[in-house]
Amino acid sequence: MSFLFGGARPQPSSAEKIAAAEAEIEMVSNMFNQLVDTCTRKCIPETYREADLNKGESVCLDRCVAKFFEVNVKVSEKMQGEAAQRQGAAGGAGGGMFGGS
């Protein structure tokens, strides 16, 4: 009866866990690099006048980073919602004992 409580699902192997962790690290690294590239191009001029950021550059970077993460969260939520709808449409047709259909 373990199939009722998710026991029938195969557990990922160590290699699969490592591959998933590596993929996640790569995704986060790519997002960070994209953030740095985008906000640097937008907020910091190519010719430096002083070693430290001035107030305008600092405010621009703060806003750019905040907007970047806000959009990232919205896109992630949208993608998760669409994935859940696809999964519900594919798996929800059966009803089952606890399906509620």
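Before reading on, note that the structure itself is shown above.
What this report covers is the structure whose coordinates are included nearby. Keep in mind that what you see is a predicted model, and the values were worked out from it rather than measured. (Residues numbered from 1 in each chain as written. Predicted model: local features only at pLDDT ≥ 70, side-chain atom pairs only at ≥ 80, totals over all residues. Heavy atoms only, no water.)

### Digging into the packing of aromatic side chains
The geometry of an aromatic ring pair is captured by the separation of the ring centres together with the interplanar angle, meaning the angle of the planes. In plain terms, the rule: We call Phe, Tyr and Trp rings a pair once their centres come within 6.5 Å, taking the six-membered ring for Trp, and we label the pair stacked below 30 degrees between planes, edge-to-face above 60, and tilted otherwise.
Going through the model one piece at a time under the given rule, you end up with one aromatic pair. Consider the rings of Phe68 and Phe69, whose centres lie 6.1 Å apart with planes at 85 degrees: the pair is edge-to-face.

### Section: the side chain of Glu57
Counted only if it meets this: Here a strand is any run of E in DSSP of at least two residues, a helix any run of H or I of at least four, and the numbering for each starts at the N terminus. Think of it in three bands: with a 1.4 Å probe and only protein chains considered, a residue is buried below 20% of the maximum accessible area for its type, exposed above 50%, and partly exposed in between. Neither His nor the chain ends is counted toward charge; the positive residues are Lys and Arg and the negative residues Asp and Glu. Only one rule defines a salt bridge in this text: a Lys or Arg side-chain nitrogen within 4 Å of an Asp or Glu carboxyl oxygen. Should any heavy atoms of two residues lie within 4.5 Å, those residues are counted as being in contact.
Turning to its location among the elements, Glu57 is positioned in helix α2 (residues 55-91). Buried charge without a salt bridge: Glu57, with Arg49 as the nearest opposite-charge side chain at an N-O distance of 7.7 Å. The residues contacting Glu57, other than those within four sequence positions of it, are Cys43, Pro45 and Asp52.

### Some points on a nonpolar patch on the surface
This is how it is decided: A patch consists of residues whose relative accessible area exceeds 30% and which take part in no salt bridge; residues with like charges are grouped when within 9 Å of each other, and nonpolar side chains (Val, Leu, Ile, Met, Phe, Trp, Tyr) when within 5 Å. Where accessible areas are quoted, they stem from the Shrake-Rupley method and a 1.4 Å probe; at the residue level, only the protein chains shown are allowed to cover.
On the surface, Val71, Val75 and Met79 cluster together into a nonpolar patch covering about 280 Å² of accessible area. You can see Met79 is positioned in helix α2. Here Met79 falls in the exposed class, since its relative accessible area comes to 55%.

### Focus on helix α1 (residues 14-43)
Quick note on the threshold: Helices are assigned an expected span. That span is 1.5 Å times one less than the residue count.
End to end, α1 covers 43 Å across 30 residues, agreeing with the expected 44 Å (1.5 Å per residue, within 8%). What α1 keeps buried is the set Leu35, Cys39 and Cys43.

### Brief notes about the nonpolar core
Our working definition: Buried residues of nine kinds, namely Ala, Val, Leu, Ile, Met, Phe, Trp, Tyr and Cys, make up a nonpolar core once their side-chain atoms join them within 4.5 Å.
Counting seven residues, the largest nonpolar core consists of Leu35, Cys39, Cys43, Ile44, Leu61, Cys64 and Phe68. Elements that contribute at least two residues to this core include exactly α1 and α2. Apart from the residues within four sequence positions on either side, Leu61 is in contact with Cys39, Thr40, Cys43, Ile44 and Leu53.

### Some remarks on the state of the cysteines
The cut-off we apply is this: When the sulfur atoms of two cysteines come within 2.5 Å, that pair is taken as a disulfide.
A full pass over the atoms with the stated rule returns two disulfides. Here Cys39 pairs with Cys64 through a disulfide, and the sulfurs are 2.0 Å apart. For the disulfide bridge between Cys39 and Cys64, the dihedral angle about the S-S bond is near -85 degrees, and by the sign convention the bridge is left-handed. Separated by 25 residues along the polypeptide, Cys39 in helix α1 and Cys64 in helix α2 bring together distant segments of the chain. The pair Cys39 / Cys64 is uniform in exposure class, with both members buried. The disulfide partner of Cys43 is Cys60, and the gap between their sulfur atoms is 2.0 Å. In this structure, the disulfide formed by Cys43 and Cys60 twists by about -70 degrees around the S-S bond and is classed as left-handed. Here Cys43 is found in helix α1, whereas its partner Cys60 is found in helix α2, with 17 residues between them in sequence. On the basis of relative accessibility, which here comes to 8%, the residue Cys43 falls in the buried class. In the protein, the cysteines engaged in disulfides, taken in order along the sequence, are linked 1-4, 2-3.

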